Amino acid sequence: ERAARRTDAPRRAVPLRTLRFMLPTLSLAAGVALFVGLTGKHQIAHNGIKGGAAITVRVSAGDTGPQRFAAESAPEALAPGERVRIGYQPGPRRYLLSLSIDERGQVTPLYPEAGSSVAVSKAVGEGLRYLPDSIEFTDAGAERLFVILSDKPIDVDAARRAARASFDGAKGDILHMPALELPGEQFQRTFIKP
């Protein structure tokens, strides 16, 4: 009776049968946590609004080669021959326009090249879609990519002027250009070309 009341009495060991069931369960939980942690690093840029618009930019040397996602927060270095492809999730937005500007201030409309923003169907909660073509930036130096998702079409020439005004406002510092003075949600990526 005294031995049963002692606090330093030996503990009972966990039966081997119990460990056999717990071990696979714990392994599965660790695998799921690892998968979620690794896949979460390549999420598309999101504005935090439920059902909002978002973009992602893939970089690759070709359709079958390795791919990576361009960083939002730092310039992405491109190797010779690498191309970028723009993915988008318009959310409630109905129009898309994309352009780039290089460190000399030359603005290049990418999609569309002229006219006004292209219509995209509303896709609240739907998956990511990609623009039909990939882009290879020419010349060396820095290039800044803008993607604008809007409720109404934006004239390409107006977007070109807005990009140049932003470039001039930053005194040619392509890394610190402010958002373009255009309606809609804007997404930017900066590339360093070889």
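Note that the coordinates shown come from a computational prediction; the quantities given were computed from them, not determined experimentally. (Residues numbered from 1 in each chain as written. Predicted model: local features only at pLDDT ≥ 70, side-chain atom pairs only at ≥ 80, totals over all residues. Heavy atoms only, no water.)

S.K.: Is there a simple way to think about the packing of aromatic side chains in this case?
M.R.: Geometrically, a pair of aromatic rings is defined through the distance of the ring centres and the angle of the planes. Applying the stated criterion to the full structure yields one aromatic pair. Here F137 and F191 contribute two aromatic rings whose centre-to-centre distance is 5.5 Å and whose plane-to-plane angle is 35 degrees, an arrangement assigned as tilted. Taken as a pair, F137 in the loop between β9 (129–130) and β10 (141–150) and F191 in strand β11 (residues 185–193) lie far apart in primary sequence, 54 residues in all. Accessibility expressed as a relative area gives 10% for F137, which makes it buried. F191 sits in the buried class, given a relative accessible area of 0%. (Phe/Tyr/Trp six-rings, centres within 6.5 Å; stacked < 30°, edge-to-face > 60°. Helix = DSSP H or I, 4+ residues; strand = E, 2+ residues; numbered from the N terminus. Buried < 20%, exposed > 50% of the residue type's maximum accessible area, 1.4 Å probe, protein only.)

S.K.: How should I be thinking about the pairing of strand β5 (residues 83–89) in this particular structure?
M.R.: On any regular strand, side chains alternate: one points to one face of the sheet, the next to the other face. β5 sits mainly inside the fold: five of its seven residues count as buried. In this structure, strand β2 (residues 54–60) lies alongside β5, joined through seven bridges in antiparallel fashion. Paired with I55 across the two strands is Y88, which belongs to β5. (Pairing = 2+ DSSP bridges.)

S.K.: Just to check I follow, could you spell out the side chain of T190 for this structure?
M.R.: Residue placement: T190 occurs in strand β11. A distance of 3.4 Å separates the side chain of T190 from the side chain of R144, its partner in a polar contact. Apart from residues no more than four positions distant in its own chain, T190 is found in contact with A74, P75, E76, E143, R144 and L175. (Polar contact = N/O pair within 3.5 Å; in protein donor to acceptor, adjacent residues only side chain to side chain. Contact = heavy atoms within 4.5 Å.)

S.K.: Can you walk me through unusual backbone geometry in this structure?
M.R.: Cis geometry is found at the peptide bond from Y111 to P112, where omega equals -5 degrees. In this structure, P112 sits in the loop between β7 (107–111) and β8 (118–119). With phi around 65 degrees, D139 is a residue other than glycine that occupies positive phi space. Mapped onto the secondary structure, D139 falls in the loop between β9 and β10.

Interpretation note: all reported values are geometric properties and have no functional meaning in isolation.
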